[in-house]
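# Remarks on the overall topology
Spelled out, the chains give:
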2 protein chains.
Amino acid sequence: MIKVIIIGAGNVATHLYQTFLKEKELEVIQVYNRNEKHLHFVKDPDLRTSNIKNLKKADLYLLAVRDEVIGEMAEKIKDNKAVFVHCSGSEPMDRLSKFENHGVFYPLQTFSKDKPVNFKEVPLCLEANSAETLKHLREIASMLSDNIFEVNSEQRRALHLCAVFVNNFTNHLYTLAAEYCKRNELPFKILQPLIKETAAKIETLPPYSAQTGPALRNDQNTITAHLKMLDEDQKKIYTILTDSIQKLHGKKL
Amino acid sequence: MIKVIIIGAGNVATHLYQTFLKEKELEVIQVYNRNEKHLHFVKDPDLRTSNIKNLKKADLYLLAVRDEVIGEMAEKIKDNKAVFVHCSGSEPMDRLSKFENHGVFYPLQTFSKDKPVNFKEVPLCLEANSAETLKHLREIASMLSDNIFEVNSEQRRALHLCAVFVNNFTNHLYTLAAEYCKRNELPFKILQPLIKETAAKIETLPPYSAQTGPALRNDQNTITAHLKMLDEDQKKIYTILTDSIQKLHGKKL
């Protein structure tokens, strides 16, 4: 039985806790948060603590806290030869270098409190300061997911940046479209099959080959008509993305 | 039995043909294209024609051709009291006003030649010049899809513009991420679960509420670090979308 302590009470901490609960070979023995009120997702009150000095002895300590406080949390926790990892996409591994065995356990997925996620599909990006620690992490990760990757700190930063493009920015394009639908008395759900298919397509086609639309066709009539339908801010986004598509696909010299 | 003639040989024409084939109450009696070579997707050579003057008598004529040639094709076809529709997102219905019974049959989906699509889920946007023609179109559309919408020409133009945002632009963000992965020796498939979940999330949450990331949190450290990792063109896209997120979510005054 591998004993686990989770530090944090955000979306990642919550989803990790719920996923760990289902694993027979893993036992969450404690969850820490400065404010115990935010630990309501931990059913058993005996597992909750808001006192960092009360941390028990575990095999794995998962710091699922905001990037800015990883270093400060690490300062407060005593080393005990267990494995200490953080879950950040952008922070380097050595934020935890005070611990003899340390690493990173970065789940590359978007988590919302109320939306369950199939953890078996979540890519887990691992990094560790020694082969042995990596092996430990790999064992634990492979109980949870079928998608394990070894990724160094620099690659992880690159992935995190990519995640901003394919999640944050993409979701914002959905938001702009939803607002536009509303203004034209159209239900947003009319766009959902297209959104789903756009995401599904790149599992069989590279996105470069899946590109379609007026920018790719250099269809100036449609582009001009579209620009007339947009406000100034939307126009900027339309123009910059159209230019970028044309540049990448060699439609403009 | 409803007799159908398809005009065109592109992605939409191909998918419509394949979908119509499966319907017992619909019979594709002819497919026209100027260049017969492009009609190889029509198994029975007797159904193919490249001579517009040879068009048979059908109940429904579907013009699945490029926007620019809809008018010109319509000129070449004789009216015969059947229903004539085009499949364009941006062209007004009256491009076909020379026909007594005319309308629009716009499937709001992205089609690629080699990727099958579940047509039952494809939103079909219908418009017609009379209640009777609309009823006919509705009957046919409901054999093919569970997602029928009545949409006027102006709304359809709005939808087409939205499709550029949620399909073309989104796919381009995927492409930029794929290139970035490649440069960092990361497999693009590591991002696929995130892409899929981002698209799935907005079926249960409005995209406005699903927004996460450094722009929304106004996390200037991460934003600055990201900008340093990008080339000039990528930087422009990052900045303009970050600004737009912050403006819409009231993070900037």
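Counting restarts for each chain: residues are numbered from 1 in the order of the written sequence. Starting at A for chains and at 1 for ligands, labels are handed out in the order in which the entities are written. Note on the predicted model: pLDDT of at least 70 is required for a residue's local features to be given, and 80 or more for side-chain atom pairs to be given and counted; whole-chain, interface and lining totals, by contrast, use all residues. Water and hydrogen atoms play no part in the side-chain values, which are based on all heavy atoms of the structure.

Along chain A, the regular secondary structure elements total nine helices and eight strands. Exposed residues in this analysis have more than 50% of their type's maximum accessible area, buried residues have under 20%, and partly exposed residues fall in between, with area computed by a 1.4 Å probe over protein chains only. Across the 253 residues of chain A, 58% fall into the buried class. Of the roughly 11600 Å² that chain A leaves accessible, carbon and sulfur atoms contribute 48%. Across chain A, the mean location of the 35 positive side-chain charges is 3 Å away from that of the 32 negative side-chain charges. Numbering goes from the N terminus for both helices and strands, where a helix is a DSSP run of H or I of at least four residues and a strand is a run of E of at least two. Shrake-Rupley sampling with a 1.4 Å probe provides the accessible areas, and residues are treated as covered by the protein chains on show and by no other component. Only four residue types enter the tally: Lys and Arg on the positive side, Asp and Glu on the negative side, with His and both chain ends excluded. We put the charge of a Lys on NZ, of an Arg on CZ, of an Asp on CG and of a Glu on CD.

Moving on, we come to the interface of chain B and chain A. Residue contacts follow a heavy-atom distance rule, with two residues in contact if any of their heavy atoms lie within 4.5 Å. With 84 residues of chain B in contact, the opposing surface of chain A contributes 84 residues. Note: buried area is the sum, over both parts, of the accessible area (probe 1.4 Å) each one loses when the two are combined. Summed over both partners, the interface of chain B with chain A buries about 8400 Å², with 70% contributed by carbon and sulfur atoms. Only one rule defines a salt bridge in this text: a Lys or Arg side-chain nitrogen within 4 Å of an Asp or Glu carboxyl oxygen. Seen at the junction of chain B and chain A, the total is six salt bridges. Between glutamate 121 of chain A and lysine 196 of chain B there is a salt bridge, with its nearest N and O atoms 4.0 Å apart.

Residues and elements named next belong to chain B. As enumerated under the stated definition, the model contains 22 salt bridges over all chains in all. Across the pair glutamate 150 and arginine 138 runs a salt bridge whose closest N-O atoms are separated by 3.9 Å. Pair noted here: glutamate 150 is in strand E8 (residues 148-150) and arginine 138 is in helix H3 (residues 131-144), with a separation of twelve residues, a long-range link. For glutamate 150, a relative accessible area of 52% gives the class exposed.

UniProt positions are given in the numbering used here, feature names are shortened, and annotations may be inferred rather than shown by experiment. When the UniProt feature table is mapped onto this chain, "domain: Pyrroline-5-carboxylate reductase catalytic N-terminal" (unreviewed entry) is found at residues 3-80 of chain A. Taken end to end, residues 3-80 of chain A comprises 23% helix and 23% strand; its first and last C-alpha atoms sit 13 Å apart.

Moving on, we get to the UniProt feature "domain: DUF2520" (unreviewed entry) in chain A. Cross-referencing UniProt, the feature "domain: DUF2520" (unreviewed entry) maps to residues 122-244 of chain A in the present numbering. For residues 122-244 of chain A, the end-to-end C-alpha separation is 30 Å, with 69% helix and 7% strand making up the annotated structure.

Contact geometry for helix H4 (residues 153-183) of chain A and helix H4 (residues 153-183) of chain B: axes closest at 9 Å, N-to-C directions at 180°. Here H4 of chain A lies roughly antiparallel to H4 of chain B, going by the angle between them. When grouped by side-chain class, the residues that make up the contact of H4 of chain A with H4 of chain B number 26 nonpolar, two polar and no charged. Each axis is a line fitted through C-alpha atoms, taken for helices only over the stretch in contact, and angles between the N-to-C directions span 0 to 180 degrees. Oblique is the label for every angle not falling under 35 degrees (roughly parallel), over 145 degrees (roughly antiparallel), or within 65 to 115 degrees (roughly perpendicular). Three residue categories are used. Nonpolar comprises Ala, Val, Leu, Ile, Met, Phe, Trp, Tyr, Cys and Pro, charged comprises Asp, Glu, Lys and Arg, and polar comprises the others, including Gly.

Residue and element names in this part refer to chain A. Side-chain rings of Phe, Tyr and Trp, where Trp is taken by its six-membered ring, are said to pair if the distance between their centres is within 6.5 Å; with planes under 30 degrees apart they count as stacked, over 60 as edge-to-face, and otherwise as tilted. One pass over the full model with this rule turns up 14 aromatic pairs over all chains. When the ring of phenylalanine 84 is compared with that of phenylalanine 99, the centres are 3.8 Å apart and the planes differ by 5°; the resulting orientation is stacked. Within this pair, whereas phenylalanine 84 is found in strand E5 (residues 83-86), its partner phenylalanine 99 is found in the loop between E5 and strand E6 (101-107), the two being separated by 15 residues in sequence. Across this residue pair, the class does not change: phenylalanine 84 and phenylalanine 99 are buried. These aromatic residues form a ring-pair network of at least three members: Tyr61, Phe84 and Phe99.

With that settled, consider the packing of helix H8 (residues 220-228) of chain A against helix H9 (residues 232-248) of chain A. Residue and element names in this part refer to chain A. Two elements in contact, H8 and H9, have axes whose closest approach is 10 Å; the angle formed by their N-to-C orientations is 160°. Taken as axis vectors, H8 and H9 run roughly antiparallel relative to one another. Facing Gln220, Thr222, Ile223, His226 and Leu227 of H8, the residues of H9 in contact are Lys235, Tyr238, Thr239, Thr242 and Gln246. Across the contact of H8 with H9, the residue classes break down as three nonpolar, six polar and one charged.

Let us look at the nonpolar core. What is meant by a nonpolar core is a set of buried Ala, Val, Leu, Ile, Met, Phe, Trp, Tyr and Cys residues, joined one to another through side-chain atoms within 4.5 Å. Among the nonpolar cores identified, the biggest contains 80 residues, and Leu191 of chain A together with Leu191 of chain B are the most heavily contacted of them. Listed by contribution, the elements that provide at least two residues to this core are E6, H4, helix H5 (192-201) and H9 of chain A together with strand E6 (101-107), H4, helix H5 (192-201) and helix H9 (232-248) of chain B. If near-sequence neighbours (up to four positions away) are discounted, leucine 191 of chain A is found in contact with Ala177 and Cys181 of chain A together with Leu108, Leu159, Cys162, Ala163 and Val166 of chain B.

As a further point, take the relation of the copies chain B and chain A. When the copies are superposed, the least-squares fit takes in the C-alpha atoms of residues with a pLDDT of at least 70 in both. When chain B is brought onto chain A, the operation consists of a screw motion whose angular component is 180° and whose axial shift is 0.0 Å, with 0.0 Å RMSD remaining. Within this description, the copies of the chain are treated as partners about a two-fold rotation axis. Within chain B, threonine 170 of chain B has its C-alpha nearest the rotation axis, a separation of 2.7 Å.

Note on pairing: DSSP must find at least two bridges between two strands before they are called paired. A sheet is described by the order of its strands in space; here eight strands give the open sequence E3-E2-E1-E4-E5-E6-E7-E8 (chain A), paired in mixed fashion. The outermost strands of the open sheet, each flanked by one partner alone, are strand E3 (48-49) and strand E8 (148-150) of chain A.

The buried fraction of H5 of chain B is high, at eight of ten residues. Among the residues of H5 of chain B, those classed as buried are Gln192, Pro193, Leu194, Ile195, Glu197, Thr198, Ala199 and Lys201 of chain B. Residues of H5 of chain B that are buried in the fold lie against H4 and H5 of chain A together with H4 and helix H6 (207-210) of chain B.

Each strand in a sheet pairs with its neighbour through backbone hydrogen bonds, running either in the same direction (parallel) or in the opposite one (antiparallel). Residue and element names in this part refer to chain B. On the basis of which strands lie adjacent, the open sheet formed by eight strands has the order E3-E2-E1-E4-E5-E6-E7-E8 and mixed pairing. Because the sheet does not close on itself, it has two edges, and the strands there are strand E3 (48-49) and E8. With four bridges joining them, strand E4 (residues 60-63) and strand E5 (residues 83-86) adopt parallel strand pairing. Among the inter-strand pairings, leucine 60 is bridged to a residue of E5, identified as valine 83. Taken strand by strand, H3 contacts strand E1 (2-7), strand E2 (26-32), E4, E5, E6, strand E7 (124-128) and E8, and its axis lies near 165° from that of E7.

Residues and elements named next belong to chain A. Annotation of chain A at the domain level lists domain 1 (2-151) and domain 2 (156-248). The straight-line distance from the C-alpha centre of domain 1 to that of domain 2 is 35 Å. Domain 1 puts 14 residues into the contact, and the matching count from domain 2 is six residues. Taking both partners together, domain 1 and domain 2 bury about 720 Å²; carbon and sulfur atoms supply 58% of that area. The source of the domain bounds is an automatic or database domain assignment.

The next point concerns the pairing of strand E7 (residues 124-128) of chain A. Within a regular strand, the side chains alternate between the two sheet faces. Residues and elements named next belong to chain A. Of all five residues in E7, five are buried; the element is thus mostly enclosed. The alternating pattern of E7 places Leu124, Leu126 and Ala128 on one face and Cys125 and Glu127 on the opposite face, and all of these are buried. Sheet analysis places E6 next to E7, joined by five bridges and oriented antiparallel. Bridge pairing in E7 links valine 104 to glutamate 127. Here three bridges tie E7 to E8, and the two strands are oriented parallel to one another. Bridging across to E8, cysteine 125 finds its partner in phenylalanine 149. Running through helix H3 (residues 131-144), the crossover from E7 to the neighbouring parallel element E8 is right-handed. We call a crossover right-handed when, viewed with both strands directed away from the observer, the connection leading from the first strand over the helix to the second proceeds clockwise.

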